[in-house]
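Okay, here's what each chain looks like letter by letter:
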Amino acid sequence: MPVPVILDCDPGHDDAFNILLAAAHPAIELLAITTVAGNQTLEKTTLNARRVCSVAGIRGVPIAAGRDRPLHAPPRIAENIHGDSGLDGPGFGEGEPEVPQDPRDALTLIRDTLLAHPAPVTLVPTGPLTNIAVFLLAHPELAARVERIVLMGGSTERGNTTPAAEFNILCDPEAADIVFRSGLPVTMFGLNATHQVRATAEVVARIAALGTPLSGLCVDLLTYFASRYREVYGFDAPPLHDPLTVAHLIDPSLVSLVRAAVTVELNGTHTRGATVVDLHGVTGRPADTEVGVEVDTDAFWNLIVEAVRVLGRPS
Ligand code: BDR
Ligand code: CA
């Protein structure tokens, strides 16, 4: 049986590839997409989700907009990485994307989807955790309908937006704190894992060789993403963070996991938004979070290339 999934995202170049992977792979049943302010404003991330689905021929998956700002923190975007549109690089054209925005808000769509699905559903957040935290607070009675939460965020090591904090967690540390302490099973793929999956020139060449309009668009996305990572971080190739979540659901052996207590720093003068991951059990806190560690990068890229190939086929 495919894994039923709701993606909660802020596309975003790497979020876009996660949408493609979830839609393309038969091991995943993509039930809904919800958007949140993060890499860009809510208006732009929602438009981007619709654009990605439109160009990739993804139909019948409702897309609803969620929160336009963090719970308490001031809004923050990652324009330096994802550009003014949030998905800079390819030309999407000026017109409205074919795929519409669902009239419901993200909370209502998540609620309706959980209630309608016969089995518990996996939530896959790859942006700030605002929508998920608000949902868990608003609907504690639906917690049993959530199978688990598999998220991209944090790190066992250092940050990328401050020396200590990763972008998704830093954007809304209070929301992240609610999610990590929710009592639901949480699996975290942080920078320590996602920095292993770099879109090298070889990877980009494999996607280009598919020779479809979609593969061309993906190459444009990766080329822009690479230029930003080169300039901002001095990386030779950009890490495609978010799809590690869905790749793990497709193939649980793709990333090794350890169990650890994870707490979110809410107060630190220089460390707010850091994920404090107790890898050695020194705090005595229950090791209740699964944390991604070692990635089979070849298997990861095979999944990504195959997703672009499958969705790029003429229908
Ligand atoms: C995370 O932040 C965003 O820029 C990416 O989409 C990813 O979810 C990486 O820190
Ligand atoms: Ca993201």
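Up top is the structure.
Treat the numbers as computed from the prediction; the structure is a model and nothing was measured. (Residues numbered from 1 in each chain as written. Chains lettered and ligands numbered in written order. Predicted model: local features only at pLDDT ≥ 70, side-chain atom pairs only at ≥ 80, totals over all residues. Heavy atoms only, no water.)

Draft legend 1. Structural detail: the packing of aromatic side chains. Summed over the entire model, instances satisfying the criterion amount to 5 aromatic pairs. Where Phe 225 meets Tyr 229, the ring centres are 5.1 Å apart and the plane angle is 80°; that geometry is what we call edge-to-face. Note that Phe 225 and Tyr 229 are positioned in helix H10 (residues 213-233) at a spacing of 4 residues, about one turn of the helix. Here Phe 225 and Tyr 229 have matching classes, each one buried. Consider the rings of Tyr 233 and Phe 235, whose centres lie 5.6 Å apart with planes at 40°: the pair is tilted. Overall, the relative accessible area of 16% leaves Phe 235 in the buried class. Members of the aromatic cluster, joined through ring pairs, are Phe 225, Tyr 229, Tyr 233 and Phe 235. Sitting over the ring of Phe 235, Arg 198 keeps its end group 4.1 Å from the ring centre. (Phe/Tyr/Trp six-rings, centres within 6.5 Å; stacked < 30°, edge-to-face > 60°. Helix = DSSP H or I, 4+ residues; strand = E, 2+ residues; numbered from the N terminus. Buried < 20%, exposed > 50% of the residue type's maximum accessible area, 1.4 Å probe, protein only. Lys NZ or Arg CZ within 6 Å of the ring centre and 35° of its normal.)

Draft legend 2. Local environment of the coordination of the calcium ion (ligand 2). Only Asp 10 (OD), Asp 15 (OD), Asp 15 (OD), Thr 126 (O) and Asp 242 (OD) from the protein coordinate the calcium ion (ligand 2), and they sit 2.2 to 2.5 Å from it. Expressed as a motif, the donor residue spacing for the calcium ion (ligand 2) is D-x4-D-x110-T-x115-D. You can see Asp 15 sitting in helix H1 (residues 13-24) and its partner Thr 126 sitting in the loop between strand E4 (121-125) and helix H5 (130-138), a full 111 residues away along the chain. Comparing Asp 15 with Thr 126 shows no difference in burial state: the two are buried. (Donors = N, O, S within 2.8 Å, 3.2 Å for Na, K, Ca; no water.)

Draft legend 3. Local environment of the pattern of salt bridges. Taken as a whole and assessed by the stated rule, the structure comprises 13 salt bridges. Here Glu 290 makes a salt bridge to Arg 259, at a shortest N to O gap of 3.9 Å. In this pair, Glu 290 sits in strand E9 (residues 289-295) while Arg 259 sits in strand E7 (residues 255-264), placing the two residues 31 residues apart along the sequence. Glu 290 gets classed as partly exposed once you look at its relative accessible area, which sits at 23%. Overall, the relative accessible area of 52% leaves Arg 259 in the exposed class. Through salt bridges with shared partners, a single ionic network connects Asp 102, Arg 104, Arg 111 and Asp 112. (Salt bridge = Lys/Arg side-chain N within 4 Å of Asp/Glu carboxyl O.)

Draft legend 4. Spotlight on the sheet that holds strand E8 (residues 275-278). Across the sheet, which stays open at both edges, the 9 strands sit in the order E3-E2-E1-E4-E5-E6-E9-E7-E8 with mixed pairing between neighbours. Each edge of the open sheet is held by one strand with a lone partner, namely strand E3 (63-65) and E8. With direction set aside, neighbouring strand axes in the sheet form an average angle of 30°. Judged from the 3 bridges that link them, strand E2 (residues 28-35) and E3 form a sheet pairing that is parallel. Directly across from Thr 35, in E3, lies its bridge partner Ala 65. (Pairing = 2+ DSSP bridges. Axes fitted to C-alpha atoms, helices over the stretch in contact; angles between N-to-C directions.)

Draft legend 5. Structural detail: the site of ligand 1. In the vicinity of ligand 1 there are 13 residues, among which Asp 14, Asn 39, His 82, Glu 166 and Asp 242 approach most closely. Between Thr 126 and ligand 1, the recorded distance is 3.0 Å, taken from a backbone N or O atom to an oxygen atom. Within the side chain of Asn 168, a nitrogen or oxygen atom sits 3.0 Å from an oxygen atom of ligand 1. Summarising the interface, the protein chains cover 98% of the accessible area of ligand 1, which totals 280 Å² for the free molecule. Of all the elements in the fold, those that place two or more residues in the shell around ligand 1 are H1 and helix H6 (167-171). Residues belonging to the shell around ligand 1 are distributed by class as follows: 3 nonpolar, 6 polar and 4 charged. (Near = heavy atom within 4 Å. Polar contact = N/O pair within 3.5 Å; in protein donor to acceptor, adjacent residues only side chain to side chain. Areas by Shrake-Rupley, 256 points an atom, 1.4 Å probe, with all protein chains shown as cover. Nonpolar A, V, L, I, M, F, W, Y, C, P; charged D, E, K, R; others polar.)

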